[in-house]
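Now for the letters of each chain:
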Protein chains: 2
Amino acid sequence: MLQDKNEYKTPISKLGEFKLIEHLTQNFKIKHSESIYSIGDDSAVIKSSKNTVISTDTLTEAIHFDLAYFPLKHLGYKAVVVGLSDIIAMNAVPKQIMISIAVSNRFPVEALEDIYSGIHVACEKYNVDLIGGDTTASKLGLVITVTSIGEVDEKEIVYRKGANPTDLLVTTGDLGGAFMGLKVLQRENVTFQSNPNFQPDLSGYEYIVQKQLKPELRVDIQKIFSELEVKPTAMIDISDGLSSELLHLSKQSNVGFNLYEEKLPIDNQTITVADEFNLNPSTAVLNGGEDYELLFTLPMSDYEKIRNHLDFTVIGHATENSGANYLVARGSSQLIPITAQGWTNEKNESDNLEN
Amino acid sequence: MLQDKNEYKTPISKLGEFKLIEHLTQNFKIKHSESIYSIGDDSAVIKSSKNTVISTDTLTEAIHFDLAYFPLKHLGYKAVVVGLSDIIAMNAVPKQIMISIAVSNRFPVEALEDIYSGIHVACEKYNVDLIGGDTTASKLGLVITVTSIGEVDEKEIVYRKGANPTDLLVTTGDLGGAFMGLKVLQRENVTFQSNPNFQPDLSGYEYIVQKQLKPELRVDIQKIFSELEVKPTAMIDISDGLSSELLHLSKQSNVGFNLYEEKLPIDNQTITVADEFNLNPSTAVLNGGEDYELLFTLPMSDYEKIRNHLDFTVIGHATENSGANYLVARGSSQLIPITAQGWTNEKNESDNLEN
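Procedures and definitions
- Residues numbered from 1 in each chain as written.
- Chains lettered and ligands numbered in written order.
- Predicted model: local features only at pLDDT ≥ 70, side-chain atom pairs only at ≥ 80, totals over all residues.
- Buried ≥ 20, exposed ≤ 12 C-beta atoms within 10 Å, placed from the backbone.
- Helix = DSSP H or I, 4+ residues; strand = E, 2+ residues; numbered from the N terminus.
- Pairing = 2+ DSSP bridges.
- Least-squares fit on C-alpha atoms with pLDDT ≥ 70 in both.
- Contact = placed C-beta atoms within 7 Å.
- Nonpolar A, V, L, I, M, F, W, Y, C, P; charged D, E, K, R; others polar.
- Domains from an automatic or database assignment.
- Axes fitted to C-alpha atoms, helices over the stretch in contact; angles between N-to-C directions.
- Expected span 1.5 Å × (residues − 1).

(A) Broad picture of the pairing of strand β10 (residues 294-298) of chain A. Residues and elements named next belong to chain A. The buried fraction of β10 amounts to five of the five residues, a majority that puts the element mostly inside the structure. Burial along β10 is two-sided: L294, F296 and L298 and L295 and T297, pointing in opposite directions, are all buried. Across four bridges, the pairing between strand β7 (residues 168-172) and β10 is antiparallel. Bridging across to β10, L168 finds its partner in L298.

Below, the structure is given as structure tokens:
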């Protein structure tokens, strides 16, 4: 829908696997001395005097992205962001990534070039080295697995498990936008599928569509923590929706949380579009996902240090009631239990909240 | 064909993603002090005083395995071997793995239990820690990505690039068996598909079927090198077939190779079955793949040290003719150029050799 595929024509078989990898990665330069050996051997070699943090994420076609409206270059960029966000969430500095792509023969070389071009932009922007990967055939569509690597001093690591009762619950940025952006893209695509002459009009939706197609990594967070002289007691990135992430912190820190609906930071465009879809914006925040903001806890004594920071919002606090997590509803002070969403394939967007 | 699926019935959605991961990984224990934090946070944390080697491999259904004849437990086991083989090929010691699985809803929980049970057996056998991973939905079958991690002193690393002209070319074990095992399994499966009452009979094929379904990792190699007091100048694992691996060594070391057909170590069962399939056994060795043996080079002066080792076979030597790689045909001394195979989807098994 959003890309012209007419120029896509070189079959992968023309290059073969090994020349293909060489071709796709030729513009990537190594930036870090910790990356001792990158692409071209059985393994990459790295060396760090600090602790190494490692994470993997798999993105599969038709689940995590739909190529009908997700441009391949954006997909490459987003794969890097999704991967590195797990490194940031440990309070570590991203250094390297490895990309494994399984791809069917229906993808020509030019499609892979687009994906790698997005990967390249993200690697440059976030100062990470592409040190390896794997490109294999698939009879079943496109699957991208990102292995993300970073480093951090042991004493600086922030786990999910360190939140204390009475800690403040804080989020960066605004939430729910990526989910509403997805809804808009899906709607335009449905219209396009039934009428190929239809020209999708995304004006008025730019912010949320950008949040979905080109999320940004919170690489700025460590500098902000340092400037404010705070260190989170627990932290997680918001990839699956706020409910799910909050439950992770709750479980692993052995605390409960009260979350205040009226405090949720939601952009005006997200609210307007949620209304268009007859959806409660809070539902987009709680169950939507893909915001790639950070959710963290701080001692209550840090409140004065962070209260005026424009990018931080205190949205609740921890309690001693381990495992008891509630949304305090706007206006009514009603306590609504927060339940798991995540990957159940049974998402019901009005399970917990009524519009 | 080889497994009873009647007892497979619990839908993944019953557990949900997070409980599923907990359930599947509950029996895995951490064995290494270098594995500081494993499953359950945004990233795993490791710490090594040596260099860290990292590799990823993706196995996709219908390309790397066919579930009609590949038991899931074996698949889990093999995924670990495939991954760790890249660590061994750097002369490093495997320490950790991460497993990402994308799986469609047609797979019940019990199927994933089988895969993880195979992963568990391999982790225990090869003394590695499962430190993380990702389990995601797929609309497109089963895809497994293994991220393998090991450590090695910088001076002990063996790259592909260090071979010198006149070096000996050596392989471990015997070759071509995994490929012929695959051929047998595929043949039995075709018969089974056309007659579901057919009982596959694998007697007489045990060795090669085992090579395909349950390859073993050459974790013994470092001890052998140490005992023989040798260190390879270059090394690679044989995953894609001997031709392809030899061409990698040739390219990256800037040498050529002469490979002697009559020296190729081939098991009798492999030869017999190749004959059954009207195939030259050397073709199975050169183009087959999945042997997971090691191909390495040694200075000619090491010949006396290794010549009597039962598991090593000198199969050729490097030359100064960079990029010129030949098979010296059995009996005739005819030089046949060795060309790339790998992933071209255009494999022609009699391209280079006639039966």
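(B) Examining the relation of the copies chain A and chain B more closely. The two copies are related by a screw operation: chain A maps onto chain B through 180° of rotation and 0.0 Å of translation along the axis, at an RMSD of 0.0 Å. Those values place the two copies in the arrangement expected of a two-fold rotation axis. Nearest to the rotation axis, the C-alpha of L140 of chain A is located 2.5 Å from it, this being the minimum over chain A. Interface overlap between copies is the fraction of interface residues in one copy that are interface residues in the other; for chain A against chain B it reaches 100%, indicating a shared surface.

(C) Main features of the interface of chain A and chain B. On the side of chain B, 59 residues touch chain A, which itself brings 58 residues to the contact. The dominant element in the side of chain A that touches chain B, judged by the number of residues it contributes, is strand β3 (residues 51-60) of chain A, at nine residues. Split by residue class, the side of chain A that touches chain B holds 23 nonpolar, 23 polar and twelve charged. Judged from the three bridges that link them, β3 of chain A and strand β2 (residues 44-46) of chain B form a sheet pairing that is antiparallel. Bridge assignment links V53 of chain A to a residue of β2 of chain B, and that residue is V45 of chain B.

(D) Highlighting the domain arrangement of chain A. Residues and elements named next belong to chain A. Its domain assignment divides chain A into domain 1 (12-156) and domain 2 (168-337). A straight line from the C-alpha centre of domain 1 to that of domain 2 covers 26 Å. Across the boundary between the two partners, domain 1 contributes 15 residues, which contact 18 residues of domain 2. Within the side of domain 1 that touches domain 2, the residues separate by chemical class into ten nonpolar, three polar and two charged.

(E) Expanded view of the sheet that holds β7 of chain A. Residues and elements named next belong to chain A. Taken together, seven strands build an open sheet; the order of strands is β8-β10-β7-β11-β9-β12-β13 and the sheet is mixed. Two strands bound the open sheet, and with one partner strand each, they are β8 (234-237) and β13 (335-337). The mean inter-strand angle of the sheet, taken between neighbouring strand axes irrespective of direction, is 25°. Judged from the four bridges that link them, strand β9 (residues 256-260) and strand β11 (residues 312-319) form a sheet pairing that is antiparallel. Pairing of N258 across the sheet is with H317, part of β11.

(F) Examining helix α4 (residues 109-125) of chain B more closely. All names here are of chain B. In a regular helix each residue adds 1.5 Å, so 17 residues correspond to 24 Å; α4 covers 24 Å between its end C-alpha atoms and thus fits that length. Buried residues of α4: A111, L112, I115, Y116, G118, I119, H120, A122 and C123, and no others. Tucked into the core, α4 has its buried residues touching α2 (17-25), α3 (72-88), β4 (93-103) and β5 (129-137). Trailing α4 by a residue or two, N127 shows a phi angle of about 60°, which is positive.

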